[in-house]
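Topology and contacts: notes
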Amino acid sequence: MFIDIFSDYVILLKIIIFIMKSTREKVLHTLVTNPRSTIVQIADNVGINAISVRHHLTNLQANGFVIAEEERHGVGRPRLVYYLTESGQENFPKRYFRLSNHLLVQMKKSLSEEDLKNIFKNMADDITSEYEHALLNMEITERLHLLERIMAEEGYDILIEKTKRGYEINEVSCPYYQLGKTHPEICLFDKKLIANILSIPEDAITRVKHGDNHCSFKIRDTVE
């Protein structure tokens, strides 16, 4: 019975995360974090071409979630910028936040703290397993590039900096940041994924909160 409940929660959580990572949701997330963005800016952030972005924006405008407005930016024709309507703000990301929050609350009632932590670590392990063979012959620089690509696919925007003592990974944007404020266990996913891809122990990574919108991970020079 316990195993069934555990498995059901994992499946539900993965479904929610999959939905949150869809291209449409990434477009919406961009407009949440960067209101009044142009099509080109959205395309760069999401990682798709401008034609695809235009298609998603057309549908979102038709549903009343997004509005376009002309904006002057120096000499030349005004450019179109896009932002969420009140309806769009209400529907995203709050609806996913509420659903995910309710699910995590129920998980905490049914599972031990250790089991809950393991869910997020196991999710990182599942992703890492897809690259297990390729990682065998990778140098640290290649691993860092791969990490950047994988995290982008998971909805993160990160910057990697070399420091005197190792590396620092700065999350410019995190798809689960608001949820992580209430449920910090989610951040174990980031940390475990970084540890797995770079092949370093988790205790070599220190998570540091910066303000109200992002985190950084400091990595000691064990990766040298």
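The sections below set out a description of the structure shown in this document. These numbers come from a predicted model, not from an experiment. (Residues numbered from 1 in each chain as written. Predicted model: local features only at pLDDT ≥ 70, side-chain atom pairs only at ≥ 80, totals over all residues. Heavy atoms only, no water.)

1. Points about the packing of helix H7 (residues 113–129) against helix H11 (residues 187–198)
With their axes 8 Å apart at the nearest point, H7 and H11 run at an angle of 35° to one another. Note that H7 runs across H11; the crossing there is right-handed. From H7, Lys-117, Phe-120, Lys-121, Met-123, Ala-124, Asp-125, Ile-127 and Thr-128 reach across to H11, where they touch Leu-188, Phe-189, Lys-192, Leu-193, Asn-196 and Ile-197. For the contact of H7 with H11, a count of residues per class yields eight nonpolar, two polar and four charged. (Axes fitted to C-alpha atoms, helices over the stretch in contact; angles between N-to-C directions. Helix = DSSP H or I, 4+ residues; strand = E, 2+ residues; numbered from the N terminus. Left-handed = near helix turned anticlockwise from the far one by under 90°. Contact = heavy atoms within 4.5 Å. Nonpolar A, V, L, I, M, F, W, Y, C, P; charged D, E, K, R; others polar.)

2. A few points about the pattern of salt bridges
All told, the structure shown has eight salt bridges when counted by the stated rule. Glu-202 is the partner of Lys-121 in a salt bridge, and the nearest nitrogen-oxygen pair spans 3.7 Å. Taken together, the residues span a long stretch of sequence, with Lys-121 in helix H7 and Glu-202 in the loop between H11 and strand S5 (205–210) at a distance of 81 residues. Across the pair Lys-192 and Asp-125 runs a salt bridge, and its minimum N-O distance is 2.7 Å. One end of the pair, Lys-192, is in helix H11; the other, Asp-125, is in helix H7, with 67 residues separating them in the sequence. Relative accessible area serves as the criterion here: at 29%, Asp-125 is assigned to the partly exposed category. By sharing partners, the salt bridges in this structure join Arg-36, Glu-69, Glu-71 and Arg-79 into a single network. (Salt bridge = Lys/Arg side-chain N within 4 Å of Asp/Glu carboxyl O. Buried < 20%, exposed > 50% of the residue type's maximum accessible area, 1.4 Å probe, protein only.)

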